[in-house]
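Structural characterization, general
Now for the letters of each chain:
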Amino acid sequence: MRIGVVVDASCDLPPEFLREHNIGILPVSIRLGDEVLVDQRDPKATLKFYTEQLAAKGLEAETSPLTAEQIREKFLDRIVIDYDYVFCITVTSTRSAIFENATRASFAILNDYKAIRAAAGVSGPFALRVVDSRTMFCATGVLAAEAAKMAKAGLQPNDIRRRLDELRDNLCGYMVPGDLYYIRTRGMKKGEKSIGLFTY
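The following refers to the structure shown. (Residues numbered from 1 in each chain as written. Predicted model: local features only at pLDDT ≥ 70, side-chain atom pairs only at ≥ 80, totals over all residues. Heavy atoms only, no water.)

Observations regarding the sheet that holds strand 2 (residues 24-26)
Across the sheet, which stays open at both edges, the 4 strands sit in the order 2-1-6-7 with parallel pairing between neighbours. Each of the sheet's edge strands pairs with one partner strand only, and the pair in question is strand 2 and strand 7 (127-132). Each adjacent strand pair in this sheet contributes to an overall mean axis angle of 25 degrees, direction not counted. Relative to strand 2, strand 1 (residues 3-8) is paired through 3 bridges, and the arrangement is parallel. Bridge pairing links Val7 to Ile25 in strand 2. (Pairing = 2+ DSSP bridges. Helix = DSSP H or I, 4+ residues; strand = E, 2+ residues; numbered from the N terminus. Axes fitted to C-alpha atoms, helices over the stretch in contact; angles between N-to-C directions.)

Next comes the structure, spelled out in C-alpha cells:
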C-alpha cells in the first residue's frame, strides 16, 4: 500500500525533509498590503517576502487557507493517483480553517476519486484521513515526520493512525515571538482572544 503524507504550509519541517519523504504541501496565501505570497514552504522566498514587506505592512498581514474546493482539486489532480492512503495533517483547527476545509474536501474526494484512478490505470480504493494536529508549527512537524517515517517503514494505516493519535495527545508546541504586541494586535484583528491585556 502506498501511504502518503500531506501537510499545510505552516508545518515547520525543513524543505529537504519534505522532499526526502515526498510530503505534499497545501499552500497558504499570505497577504501584506497589496502583496501576496503563496507559501509552499520555500524558506528563501518566504523570508525575502517578509523582509521586504513585513516592516511596513506587518499589521495588515492576513493568511488565507485553500478552500475546500481547492483542496479537492489538488488531491484529485495527482495525490489520489500517487497514493492509496493519505494522512492530511493540519495546523490546529482553533487557529485556522484548514482542518475544516480539508475535512469538507475529503467527502468530495472520496466520492470522486474512482474515475480518476481508473483513467490513470490505478486499481483499488483510495482512503484519506484528515488529522487536526491540535498544535502549530514545529509541533505539527513532529506528527508529519512520524507519519512519514512510519509510512516509509511499511507500517499499516491503522498503526500510523493510532500512533498519531497517541503522539498528538502528548505533544505541546511553544512559540517565543519577537514582538508580543504584533502577535496580540494581529490576533485581535482576527477575533482571537487568547492573549488578553493581562496576559500581554
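Some words on the side chain of Thr90
Positionally, Thr90 belongs in strand 6 (residues 85-90). Residue classification places Thr90 among the buried positions, given a relative accessible area of 0%. (Buried < 20%, exposed > 50% of the residue type's maximum accessible area, 1.4 Å probe, protein only.)

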